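Structural overview for review
Here are the chains, one letter per residue:
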Amino acid sequence: MTLLAIFGVISSAIFSGTSLLYTTLGEVIDERSGIVNLGLEGVLLVSASSGFAVTSLTGSPYLGILVSMLAGGLMNLILGYLVITRKANQLASGLALMFCGFGLSALIGKSFVAVKIHSLPRLLLPGLQGLPRLYTSLFKFDPLIYLVIPMAVFVWWLLYRTRWGLGLRAVGENADIAYASGRNPHLIRYQALFVGGMLAGLGAAHLAIAYAMNWTEYMTAGRGFIAVALVIFSKWHPLRAIVGALIFSAAVAFQLLLQSSGVQISPFLLDTIPYLLTLIVLIAWGGNRKHSAPASLGRVYQGSE
Amino acid sequence: MLKISEALPRFPIIQNKTVFLFIRYLYMILLAFLLFGIILLISGKDPLQSYKDIFTSTLGSAYGFSEVLVAMIPMLITALAVALPARVGLINVGGEGQLYIGAAFASFGALTFSNLPAWLLLPIMIFLGMLGGALWAFIPGYLKAIGLVNETITTLLLNSVAPKIIGFLIFRYWHSALDTVKTPNFVAAARLPTFFGTRIHLGLFIGLILLAIFWLFMKYTRWGLEMRAIGNNAQAARRNGIPLKKYLITVMCMGGAIAGLAGMSQVSGFYGVLLLNFSMSLGFMGFMISWLTGGEPLGIVLMSFVIAVIITGGNLLQLTRGVPYSVINLLLAFTLFVVLARPSFVKGSKS
């Protein structure tokens, strides 16, 4: 095991954790407003495919990222229409959205399989200029990676330090009381879903445009569900989501390390770590969970007569 | 919401509730097909020809029809795996994981006892499949019953774990000599019998019989009554002396056992081999079918049939129209969207 290999592993963990953190932040916003988005997997796929397609057509990764975010927001609005306006069941609607994403992304991405794109520029982590070239190539990150932690702080600020965030959390706790105090639960939930979808779109953009730099069907490989798990793990808090994403990245890194050092642990079993860890954390909290989850998460707001 | 008689005063036949519901559903399905048609049109395919393909390939021939019934089997069973726990208010999103573990247990039986005769081996596989699903469902059921963690979250997490365990087992122990993503083919004795020279296997009858038993059980037995009582108001039921914890754990495990049976029926009746990632969201499909139909047995059969037609037809669309197979998921999603968007017409779809 060389130092180079260890650095390589850390570098790839940072790459794979970034898209996950953006997605998790998006789902934190959705769920804080009281809506579980189980269709995240589908949202990611549509964002990734449309962003990749636009990047490939226009040659501009920035335009691609923008379209990814927009696509994510729009996909979430479909969910919003079903669960907010039509008052449909959230879990079933989310799963329907997932199937929609499977189909739509396959259609969008059909003619972009194995296409090459110009990706985002990669900038060396400041302070590492002295390292040999072999090493520096591992620490060249794209702007989206540098932006992900500030984004988590921004989401925290948005939720906990602005009037909008206060209203959003109020709706997530009790829509009736929020309505009584003069807020519009429907509008706030639509806004939350759109913003959350844009963040998920950013995660998908990082995955397809900056990291993988290609499009394949089902390329998200369960990231949507991992993000849903990480939201619970981080107790619906954007800053703890950083820890969640770090642990997940560490699990990925650990798995790569073991493989490269020849230890025989099945990658399949290592893949279960994030889920089992979340489960253990949930059990460890026990009854405390009630204090962390938004109280009206998953409930339909029937309107106010 | 308008009363039916106010909305359609001139058509007395439509005031009949059954006829009205039928027309309503027909309208919804047509709407979904219209939306998908627009998508096809945009992507340069002829929607009318595509629909003709879908229907002639599924309902136009005896073989096509039999394939629809084959596709229906796992949906019937996984939907029941959700509908049963739903009666005591449990939300089992974990059919997908329970199905995988059930399939793994059943495959273990098929590979280990391969020299037993079919009349002995198949019951063993069914038992093992149900045991596997039940064990996997016991975790969320127990955690819920002692008030620790919500079953929605745990079943969802365990869904993602189950297929990875299967992957581990296949890669490490069970893979065939030629292929690392599947086990060797099961021996003939480990296959559920098929009928009429088609791929329809015993799973179809098992599914239909289970749904009938479910209906009778809920309607005519004391347990059914007590389960409905728990579903209506768990705390009131507990104060009336119904053993709540016992019911929650048992019913969750029964749901898991049924999902496990669906897994067994897929590997034994359909594939004849345990494959990596073979389910492709069957468990989630069952969840939606159950939720959209309010868990009513007849509704489950009808909804499964509609979805089976769409999915089976999609297979052909890929061959004849050059549409990627997963695009058929869009038609499926549109159908689900329109049904979801009309909650007042579908019992139980409100949360």
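Quick notes on the rules
Residues numbered from 1 in each chain as written. Chains lettered and ligands numbered in written order. Predicted model: local features only at pLDDT ≥ 70, side-chain atom pairs only at ≥ 80, totals over all residues. Helix = DSSP H or I, 4+ residues; strand = E, 2+ residues; numbered from the N terminus. Rg over C-alpha atoms; globule rule 2.2 N^0.38 Å. Buried ≥ 20, exposed ≤ 12 C-beta atoms within 10 Å, placed from the backbone. Contact = placed C-beta atoms within 7 Å. Nonpolar A, V, L, I, M, F, W, Y, C, P; charged D, E, K, R; others polar. Expected span 1.5 Å × (residues − 1). Core = buried A, V, L, I, M, F, W, Y, C linked by C-beta atoms within 7 Å. Axes fitted to C-alpha atoms, helices over the stretch in contact; angles between N-to-C directions. Parallel < 35°, antiparallel > 145°, perpendicular 65-115°, else oblique. Left-handed = near helix turned anticlockwise from the far one by under 90°. pLDDT = per-residue confidence, 0-100.

1. A closer look at the overall build of chain B
- Scanning chain B from terminus to terminus reveals 14 helices and zero strands.
- Reading the secondary structure of chain B in the N-to-C direction produces α-α-α-α-α-α-α-α-α-α-α-α-α-α.
- Since a compact globule built from 351 residues should have a radius of gyration of about 20 Å, the 21 Å found for chain B is in line with a globular shape.
- Overall, chain B is about 65 × 60 × 35 Å in size when its C-alpha atoms are taken along their principal axes.

2. Focus: the overall build of chain A
- In terms of helices and strands, chain A carries 14 helices and two strands.
- Relative to the globule expectation of 19 Å for 305 residues, the C-alpha radius of gyration of chain A, 20 Å, shows essentially globular dimensions.
- With the C-alpha coordinates of chain A rotated into their principal frame, the extents come out at 70 × 45 × 35 Å.
- The buried share of chain A, taken over its 305 residues, is 52%.
- Restricting to contacts in chain A with at least 6 residues of sequence separation, those with at least 24 account for 79%.

3. Quick look at the interface of chain B and chain A
- Contact residues are listed per partner, giving 39 residues for chain B and 42 residues for chain A.
- Elements represented by at least two residues in the side of chain B that touches chain A include exactly α7 (151–174), α12 (282–292) and α14 (328–340) of chain B.
- A total of 11 residues in the side of chain B that touches chain A trace back to one element, the largest contributor, which is α7(B).
- Here the residues of the side of chain B that touches chain A sort into 27 nonpolar, nine polar and three charged.

4. Comments concerning α14(B)
- Under the 1.5 Å per step criterion, the end-to-end length of α14(B) is 18 Å for 13 residues, consistent within 8% with the ideal 18 Å.
- Burial runs high along α14(B): 13 of the 13 residues are buried.

5. Quick look at the nonpolar core
- Counting residues in each nonpolar core, the largest one holds 209 residues, and the members touching the most others are Ala96(A), Leu80(B) and Met288(B).
- Sorting elements by how many residues they give to this core places helix α4 (residues 62–86) of chain B first, with 16 residues.
- Non-local contacts of Met288(B), meaning those with residues more than four positions away in its chain, are made with Ala92(A), Leu95(A), Ala96(A) and Leu336(B).

6. A few points about the packing of helix α4 (residues 90–109) of chain A against α14(B)
- Running from amino to carboxyl end, α4(A) crosses α14(B) at an angle of 150 degrees, the nearest separation of the two axes being 7 Å. With respect to α14(B), the axis of α4(A) lies roughly antiparallel. Of the two possible hands of crossing, α4(A) and α14(B) adopt the one that is left-handed. Where α4(A) abuts α14(B), its residues Ala92(A), Ser93(A), Ala96(A), Phe99(A), Cys100(A), Phe102(A), Gly103(A), Leu104(A) and Leu107(A) lie against Ile328(B), Asn329(B), Leu330(B), Leu332(B), Ala333(B), Leu336(B), Phe337(B) and Leu340(B).
- Considered class by class, the residues forming the contact of α4(A) with α14(B) number 14 nonpolar, three polar and no charged.

7. Description of the confidence of the model for chain B
All names here are of chain B.
- With 93% of its residues at a pLDDT of 70 or more, chain B shows a mean pLDDT of 87.
- Per-residue pLDDT, averaged within each element of chain B, yields its smallest value for helix α1 (residues 4–7) (50) and its largest for helix α5 (residues 95–112) (96).
- Throughout residues 343–351 the model reports pLDDT below 50, and contacts reaching past four residues in sequence, or to other chains, amount to 29 contacts.
- Across the interface, the model reports ipTM at 0.88; the global pTM reads 0.88.

8. Some thoughts on unusual backbone geometry
Residues and elements named next belong to chain A.
- The backbone of lysine 235 shows a phi angle near 50 degrees, a positive value even though the residue is not glycine.
- Structurally, lysine 235 is set in the loop between α10 (223–233) and α11 (238–260).
- According to the C-beta neighbour criterion, lysine 235 is partly exposed, with 18 such atoms within 10 Å.

9. Describing the packing of helix α2 (residues 17–42) of chain B against helix α3 (residues 47–58) of chain B
Residue and element names in this part refer to chain B.
- Remark: α2 packs on α3, axes separated minimally by 9 Å, with the N-to-C direction vectors making an angle of 125 degrees. As the angle between them shows, α2 and α3 are arranged oblique. Viewed along their axes, α2 and α3 form a crossing whose handedness is right-handed. Judged by residue contacts, Phe33, Gly37, Leu40 and Leu41 of α2 engage Pro47, Ser50 and Tyr51 from α3.
- Tallied by class, residues from the contact of α2 with α3 come to five nonpolar, two polar and no charged.

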